[in-house]
Every structure is written in C-alpha cells, then in structure tokens.
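# Report on the structure
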Amino acid sequence: MSKKFWAKTSVFLLLAIFMLHPYSNVARAQTEQYIGAFNGRISKTYITRNTRVTIQATIVNFGDLEIEVISFNVDFIHLGGNDKFNTTYTVNYDFDHRTLEPGASLTGTLREEITSPEADYNVSIYFKALDAYHPHETFGPSARDYIAAENITVSVVDFGGPSNIILGIGLTFAAGVGIVVIVIIYGWLKEKLTKRRY
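As a starting point, this report considers the structure included with it. (Residues numbered from 1 in each chain as written. Predicted model: local features only at pLDDT ≥ 70, side-chain atom pairs only at ≥ 80, totals over all residues. Heavy atoms only, no water.)

## Looking at the pattern of salt bridges
Which entries qualify depends on this criterion: Think of a salt bridge as a Lys or Arg side-chain nitrogen and an Asp or Glu carboxyl oxygen that are within 4 Å of each other. For helices the rule is a DSSP run of H or I covering at least 4 residues; for strands it is a run of E covering at least 2, with both sets numbered from the N terminus onward. Relative accessibility under 20% of the residue-type maximum defines a buried residue, over 50% an exposed one, and the middle range a partly exposed one, all with a 1.4 Å probe and only protein chains included.
Under the criterion given, the structure shown has 4 salt bridges. Of the charged contacts, one joins Lys128 and Asp145 as a salt bridge, the two residues approaching to 2.7 Å between their closest N and O atoms. On the criterion of sequence distance, the pair formed by Lys128 in strand S9 (residues 119–130) and Asp145 in strand S10 (residues 143–157) is long-range, its members being 17 residues apart. Among the residues examined, Lys128 registers a relative accessible area of 28% and is labelled partly exposed. One salt bridge in this structure joins Asp131 and Arg144, with 3.4 Å as the shortest N-O distance. Residue Asp131 is found in the loop between S9 and S10, and its partner Arg144 is found in strand S10; the two are separated by 13 residues along the sequence.

Structure follows, in structure tokens:
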C-alpha cells in the first residue's frame, strides 16, 4: 500500500469521526470535489459581550495539488437585518503557514473576544482558499469561501448595557424606599414602646 493511500484513508477516517461525534455542532459542511470544509463549531451560543469564545473548523485537501488557505472567518449576521451590527472575525494565515499539501487537513481556531452589540445573530464559519483545481485561464486560481457551518443562531447579551443600568437604578431606588420604610416602622414601634412604659 502506498503512502498516498494511507494519507487519504486517514483523512476520511478523521472526517468520519468529526461528523459522527455527538458533540460536534455542524450546521452545514461543504465539499467542492477536491476541497472540503467540515465540523464548524462554536464553544457557546449564548455569549456575554466582551468575553472570549473558541470557534473551530477543519478544511481538507482531497486532491493531488497543493492549495493555499488564505484565512479562517466567522460572520455574525444580525437576525433583524441591521447591517451595522454585522461583524466578521478573521484569522489570516501568513505565506509560510497556509499551504495545504495533498491529502492534508488544517483545523482553524479562532479565540476571539466578541464585541458585537447585544442581539441575536446568524453565524457562518468558513475558510477562504485558492481553488487550484479550477483555475481561470488568465488569472489562475481564485479565492473561494468553503463553508464549514452556517445558520448557527447565537445570542450576544450585554450585562453592562442600558437595560441593565436601568434595572440597577430601579433596584437601588427600591432598596432606598425599603430602608426608609424600615426606619419609619422602627421609629413608630420605638415611640409606642416608650409610651407604654409611662
């Protein structure tokens, strides 16, 4: 058996493990004949703003040419359609670390502090890579998006946001009123007890 056969077999076994693993959060995996993206997952789907999450996915080169992986990307698209809230988090690969040999795989990891405004988002996880298997006649390989997962609904909450500030003011006011009521009741009881003695 050749080394190439074992490399491809191990890649397929690795992908089978990823896709059958009960804890993998795979919304959609994409394979374009020779290049595949799989097992896109996010560590939390309920995120407190300005906390760090881990997002991962794997891209595989099934063919016999080298491919260049440009970046690993995560899109947060606002579910209400407000484009100002849309955010893309990206890890760019430098030229020394982005070549994917035939039969090899690359797991992209993004550990990012989520700064998106408080809202619900549709999250897509994907790689951008040069498609060496379908080059343009003049310009050569073009960059394409290889989607590892999409349609993952994520909620970003902000405990320091305006709604929580208003809640804090309300609770402080309620506590102040409670203290005043207790002082009044204490004074009234003290006066009653004093009158009883005489």
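And the narrative resumes.
## Structural notes on the nonpolar core
This is how the line gets drawn: Take the buried Ala, Val, Leu, Ile, Met, Phe, Trp, Tyr and Cys residues and link them wherever side-chain atoms come within 4.5 Å; each set so joined is a nonpolar core. Two residues form a contact once any of their heavy atoms are found within 4.5 Å.
Grouped together as the largest cluster of nonpolar side chains are 31 residues, with contacts concentrated most on Ile55, Ile59, Phe72, Phe76, Ile125, Phe127 and Val154. Listed by contribution, the elements that provide at least two residues to this core are strand S2 (35–42), strand S4 (52–61), strand S5 (67–78), S9 and S10. Excluding residues that lie within four positions of it along the chain, Ile125 makes contacts with Gly40, Arg41, Ile55, Gln56, Ala57, Phe72, Asn73, Val74, Ile147, Ala148, Ala149 and Ile152.

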